[in-house]
Amino acid sequence: MVSTISCQEFAPLSKKGGFDLIDVRTSMEFYEVHAVGSLNAPLDQLNPELIMSSRGARAQEPLYVICRS
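Worth saying up front: this structure is predicted, and the values here are computed from it rather than measured.

K.L.:
It is not clear to me how the side chain of Ser38 should be interpreted in this structure. Could you clarify?
P.N.:
For Ser38, the location among the structural elements is in the loop between helix H2 (27-32) and strand E2 (39-40). In this structure the side chain of Ser38 is engaged in a polar contact, spanning 2.7 Å, whose partner is the backbone oxygen of Ala35. In contact with Ser38, not counting residues within four places along its chain, are Leu21, Asp23 and Phe30.

K.L.:
Just checking my understanding: could you explain the sheet that holds strand E1 (residues 20-23) for this structure?
P.N.:
The strands making up a sheet associate through hydrogen bonds between their backbones, and the pairing can be parallel or antiparallel. Pairing is parallel across the open sheet formed by three strands, whose spatial order is E2-E1-E3. The outermost strands of the open sheet, each flanked by one partner alone, are E2 and strand E3 (63-66). Two strands pair when backbone bridges link them, and E1 and E3 are joined in this way by four bridges, in the parallel orientation. Paired with Leu21 across the two strands is Tyr64, which belongs to E3.

K.L.:
Can you walk me through the pattern of salt bridges in this structure?
P.N.:
As a working rule, side chains carrying opposite charge can pair if their charged atoms are close by. This model, assessed by the stated rule, comprises four salt bridges. With its nearest N and O atoms 2.7 Å apart, the salt bridge here joins Arg55 to Asp20. Of this pair, Arg55 sits in the loop between helix H3 (48-54) and E3 while Asp20 sits in strand E1, placing them 35 residues apart in sequence. Here Arg55 and Asp20 have matching classes, each one buried. In this structure, Arg58 and Asp20 form a salt bridge, with 3.1 Å as the shortest nitrogen-oxygen distance. Within this pair, whereas Arg58 is found in the loop between H3 and E3, its partner Asp20 is found in strand E1, the two being separated by 38 residues in sequence.

K.L.:
Explanation requested: the packing of aromatic side chains in the structure shown.
P.N.:
Taken as a whole and judged by the stated rule, the model has two aromatic pairs. Between Phe10 and Phe19, the aromatic rings sit 5.2 Å apart at their centres with planes inclined by 90 degrees, giving edge-to-face as the arrangement. Looking at Phe10, the relative accessible area reads 15%, which means it is buried. Within the aromatic cluster, the residues linked to one another by ring pairs are Phe10, Phe19 and Tyr64.

Conventions and cut-offs
- Residues numbered from 1 in each chain as written.
- Predicted model: local features only at pLDDT ≥ 70, side-chain atom pairs only at ≥ 80, totals over all residues.
- Heavy atoms only, no water.
- Helix = DSSP H or I, 4+ residues; strand = E, 2+ residues; numbered from the N terminus.
- Polar contact = N/O pair within 3.5 Å; in protein donor to acceptor, adjacent residues only side chain to side chain.
- Contact = heavy atoms within 4.5 Å.
- Pairing = 2+ DSSP bridges.
- Salt bridge = Lys/Arg side-chain N within 4 Å of Asp/Glu carboxyl O.
- Buried < 20%, exposed > 50% of the residue type's maximum accessible area, 1.4 Å probe, protein only.
- Phe/Tyr/Trp six-rings, centres within 6.5 Å; stacked < 30°, edge-to-face > 60°.

Set out below in structure tokens:
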């Protein structure tokens with residue numbers, strides 16, 4: 001299931017911790033600014049299977065994705 005939430009909706013979730021946040025912007029964009037705790041996986045290099053397999057016990061928990069737009 002894919003849902004969209006705003007930054008304002010994500011803010012309280014991020015304060016709780018224990019979330020996975022993937023930033024799909026380019027490496028340069030990520031270097032310039034990024035959300036604390038996010039992992040960079042540029043969209044043109046994104047490997048969903050690898051990301052999901054690396055989540056281990058959190059595989060059933062929500063996975064958040066952020067982009068520049």
